[in-house]
Amino acid sequence: MTGVAITHNPGKSRYEATVDGEPAGFAEYQLTDEIIVFTHTEVDRRFEGRGVGSALARTALDEVRAEGVRQVLPICPFIKGWIGRHPDYHHLMYGAPRSTAVD
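(A) Spotlight on the sheet that holds strand β3 (residues 22-31). Here 5 strands make up an open sheet; going across it, the order is β1-β2-β3-β4-β5 and the pairing mixed. Edge positions in the sheet fall to β1 (4-9) and β5 (71-74), since each has one partner strand and no second. The average undirected angle you get between the axes of adjacent strands in this sheet is 25°. As defined by bridge partners, β3 adjoins strand β4 (residues 35-43) across 7 bridges and the pair is classed as antiparallel. Residue pairing in the sheet places Leu31 in a bridge with Ile36 of β4. The strands touched by helix α1 (residues 52-67) are β1, β2 (14-19), β3, β4 and β5; relative to β2, the strand with the most contacts, the crossing angle is about 140°.

Put into structure tokens, the structure is as follows:
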């Protein structure tokens, strides 16, 4: 999607999406030492069906993967469904075996 930008706003415990500078949606979470719980994702109706939710999910989960500290517990149906459709993110799920790279 053209013009979509995702930023992490730790002060509000959420990832925020803008489209051409306009607020377009967010994905809220709660943290523990070992888990990030995605609780709610919302996309403004004006931007539905344009990939904003997917951009939020991908950016947030890519950040979780890069940090390598927490597993994901998706209470939010959107994030849960997104992970379900993207097998390369299944290992991030809470309870999934943590992958160990062997060279």
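(B) Inspection of a nonpolar patch on the surface at higher detail. Taken together, the side chains of Leu73, Ile75 and Tyr94 make up a nonpolar region of the molecular surface, amounting to roughly 300 Å² of accessible area. Tracing the sequence through the fold places Leu73 in strand β5.

(C) Spatial organisation of the pattern of salt bridges. Taken as a whole, this structure holds 4 salt bridges when the rule is applied. Between Arg65 and Asp62 there is a salt bridge, with the nearest N and O atoms lying 3.0 Å from each other. Taken as a pair, Arg65 and Asp62 lie in helix α1 at a separation of 3 residues, close to a single helical turn. For Arg65, a relative accessible area of 32% puts it in the partly exposed group. The exposure class of Asp62 is partly exposed, given its relative accessible area of 31%.

(D) Up close: the pairing of β3. Relative to β3, β2 runs antiparallel, the two sharing 6 bridges. The residue bridging Thr18 from the neighbouring strand is Pro23, located in β3. Between β2 and β3, which pair antiparallel one after the other, the connecting turn spans 2 residues, and Asp20 there sits at a positive phi close to 50°. Between β3 and β4, which pair antiparallel and follow one another directly, the connecting turn spans 3 residues.

(E) Expanded view of helix α2 (residues 77-85). Listing the buried residues of α2 in full gives Ile79, Trp82 and Ile83. Along α2, the residues classed as buried sweep out an arc of 95° about the axis, all on the same side. The exposed residues of α2 that point more than 90 degrees off its buried face are Pro77, Lys80, Gly84 and Arg85. As for α2, its buried residues are in contact with β4, α1 and β5.

Rules of the game
- Residues numbered from 1 in each chain as written.
- Predicted model: local features only at pLDDT ≥ 70, side-chain atom pairs only at ≥ 80, totals over all residues.
- Heavy atoms only, no water.
- Pairing = 2+ DSSP bridges.
- Helix = DSSP H or I, 4+ residues; strand = E, 2+ residues; numbered from the N terminus.
- Axes fitted to C-alpha atoms, helices over the stretch in contact; angles between N-to-C directions.
- Contact = heavy atoms within 4.5 Å.
- Patch = residues over 30% accessible without salt bridge, like charges linked within 9 Å, V, L, I, M, F, W, Y side chains within 5 Å.
- Areas by Shrake-Rupley, 256 points an atom, 1.4 Å probe, with all protein chains shown as cover.
- Salt bridge = Lys/Arg side-chain N within 4 Å of Asp/Glu carboxyl O.
- Buried < 20%, exposed > 50% of the residue type's maximum accessible area, 1.4 Å probe, protein only.
- Arc of directions from axis to C-beta.

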